[in-house]
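# Architecture at a glance
Given next are the chains, with one letter for each unit.
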Amino acid sequence: MSKKETRIILRHVDEPGYDNSIGCYLKHGGYEMLKKALKMKPEEVCQEVKDSQVRGRGGAGFPAGVKWGFIDKKAGKPVYLICNADESEPGTFKDRQIMYKDPHQLIEGMMITAYAIQAQLAFIYIRGEMQEGARILERATEEAKQKGFVGNNVGGSGYSCEILIHRGAGSYICGEETGLIESLEGKRPYPRIKPPYFPAVLGLYQCPTIVNNVETICHVKHIIQMGGKEYANIGTPNNTGTRIWSVSGDVRKPGYYEFPCGILTFGELIYDVCGGLEPGRKLKAVIPGGTSAKVLSAAERFTGKFKDGTAYDWGLEDIPLDFDSLTMVGSMSGSAAVIVLDDLRNMVDVLGNISAFYAHETCGQCTPCREGALWLKKVTERMCKGGAREEDADLLLSIAKQIDGRTICAHGEATAWPTMSIVGKFREDFIQKARSVK
């Protein structure tokens, strides 16, 4: 571990002798926080999570406690909990580590969350390619059930809840919560229009439903242990707790690292934690939150003012790793998947790879996304194969702008934003690609 790393969720992951069995988990204090939560009132658990100010770790960064508060308990319908374990954003691999190496932490978090919202049935929707992960979770759920932590009359409390593991079919769009719900209902995963189909109001089977990411749900256990207000002291204001960053690309030590939000900059992550770039290479760009996030260039300066009126003037390496700072510089933290690109990378090739992915993964419901994603792929594919033209940069921007903001879900933005930012910031690469043909 880096000397600055603060592991809460990953505390025991990769620890010598630690395995994913319930016996090992119990030896390390497992399920004690579930016992504590069951002695509290459900609304007290919800309040602790709200006090913690923890934000969703799946992509949108919405406060979890606030989301839970949207549940209409007077609707007279069952309440459901879904854990989004689809983890399909390119560059993201943090949730997989939790599920494979510490599954009972997720199950304990699920049971505390289910109790807080009074759900009696919960689902873990896991990406289809994670076959071993599904087997591990099924075994862990059965172990927890045999010990009385899942199922009927949990811990003698009178509260009952089952957890079902559901495997998807490897579709990126199922990472979008309403597309996931459609898939879970056995239908084609077409995202729903919001409003009116906000999951907390009209979710699974048209009932109130909370959808949270794996890492978010794991934080719930630690919030109950520390207390919401104490947990909120970790990190920075409005960016509380720790966050796991998946780092890949052109660094010497790629991997997953957990830090309090906002205490680390990109420069510290890349050079101090990940060992820097290969000798002789220079930093060219960073994609900060998975490939759907807008790229940040090493040549840029980011200027503006904080809410208190004080000014900031950052280079790429100065940007703090938190939700708000990345929004301020025109991108997003997304799924916390940092992809580092050095000066050997041609950004036309990078965009070609990204465009091919989103063209393959569009669900086809919205015409701008269905047709536009394919056009972006065709243009970039032609460019990468030696048929580049100087006017292609403007053509790509024109297509992307006709997708952005014109689709039901954010897959349109995931398709358009990489194109808009890469072409906008690295036009010279596109010109050079065209001129190399001549």
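For clarity, every value in this text was computed on a predicted model and none was experimentally measured. (Residues numbered from 1 in each chain as written. Predicted model: local features only at pLDDT ≥ 70, side-chain atom pairs only at ≥ 80, totals over all residues. Heavy atoms only, no water.)

Taken together, four strands build an open sheet; the order of strands is 3-2-1-4 and the sheet is parallel. The strands lining the two open edges of the sheet, one partner per strand, are strand 3 (162–167) and strand 4 (209–213). In this sheet, adjacent strand axes meet at a mean angle of 20° when their direction is disregarded. Summarising the sheet, strand 1 (residues 80–85) and strand 4 pair through five bridges and their orientation is parallel. Of the residues in strand 4, the one forming a bridge with Leu81 is Ile210. (Pairing = 2+ DSSP bridges. Helix = DSSP H or I, 4+ residues; strand = E, 2+ residues; numbered from the N terminus. Axes fitted to C-alpha atoms, helices over the stretch in contact; angles between N-to-C directions.)

Here we come to the sheet that holds strand 9 (residues 283–287). Read across the open sheet, the five strands follow the order 8-7-13-9-10; overall the sheet is mixed. Taken across any chain shown, the strands that pair with only one partner, and hence form the sheet edges, are strand 8 (255–260) and strand 10 (296–297). Pairing of strand 7 (residues 242–249) with strand 8 involves six bridges; the strand directions are antiparallel. For Ser246, the partnering residue across the bridge sits in strand 8 and is Tyr256.

We now examine the layout of surface pockets. Considered as a void within the structure, the largest pocket measures approximately 1,300 Å³ in volume. Lining the largest pocket are 45 residues, and of these Gly58, Gly59, Ala60, Gly175 and Glu176 lie nearest its centre. Mapped by element, the contributors of at least two residues to the lining of the largest pocket are helix 5 (94–101), strand 4 and helix 16 (411–425). Residues that form the lining of the largest pocket fall into these classes: 17 nonpolar, 17 polar and eleven charged. (1 Å grid on protein atoms, 1.4 Å probe; cavity = no way out; pocket = protein on both sides within 12 Å on 5 of 7 lines; lining within 4 Å. Points joined across faces, edges and corners; volume = space filled by probe spheres on them. Nonpolar A, V, L, I, M, F, W, Y, C, P; charged D, E, K, R; others polar.)

Okay, helix 16 next. With 15 residues, helix 16 should cover 21 Å at 1.5 Å per step; its first-to-last C-alpha distance of 22 Å lies within 8% of that length. Counting buried residues along helix 16, eleven of its 15 residues qualify, which places the element largely inside the surrounding structure. Buried within helix 16 we find His411, Gly412, Glu413, Ala414, Thr415, Ala416, Pro418, Thr419, Ser421, Ile422 and Val423. Of the surrounding elements, those touching the buried residues of helix 16 are helix 13 (347–361), helix 14 (367–387), helix 15 (392–403) and helix 17 (427–437). (Expected span 1.5 Å × (residues − 1). Buried < 20%, exposed > 50% of the residue type's maximum accessible area, 1.4 Å probe, protein only. Contact = heavy atoms within 4.5 Å.)

Another aspect to go through is the packing of helix 5 against helix 6 (residues 103–117). At a minimum axis separation of 5 Å, helix 5 and helix 6 run at an interaxial angle of 95°. When the interaxial angle is binned, helix 5 and helix 6 end up roughly perpendicular. In contact with Ile98, Met99, Tyr100 and Lys101 of helix 5, helix 6 contributes Pro103, Gln105 and Leu106. Classifying every residue of the contact of helix 5 with helix 6 gives five nonpolar, one polar and one charged. (Parallel < 35°, antiparallel > 145°, perpendicular 65-115°, else oblique.)

The contact between helix 13 and helix 17 brings their axes to 8 Å, and the two run at 100°. In terms of orientation, helix 13 lies roughly perpendicular with respect to helix 17. The segment helix 13 lies against helix 17, with Met347, Val348, Asp349 and Leu351 engaging Asp429, Phe430 and Lys433. Of the residues belonging to the contact of helix 13 with helix 17, the class tally is four nonpolar, no polar and three charged.

Extensive coverage of strand 13 (residues 337–342) is indicated by the burial of six of its six residues. Of the two faces of strand 13, the one carrying Ala337, Ile339 and Leu341 and the one carrying Val338, Val340 and Asp342 are both buried. By the bridge criterion, four bridges tie strand 7 to strand 13 in an arrangement that is parallel. Opposite Ser246, over in strand 13, you have Ala337 as the bridge partner. Here four bridges tie strand 9 to strand 13, and the two strands are oriented antiparallel to one another. Residue pairing for strand 13: Val286 is matched across the bridge by Val340.

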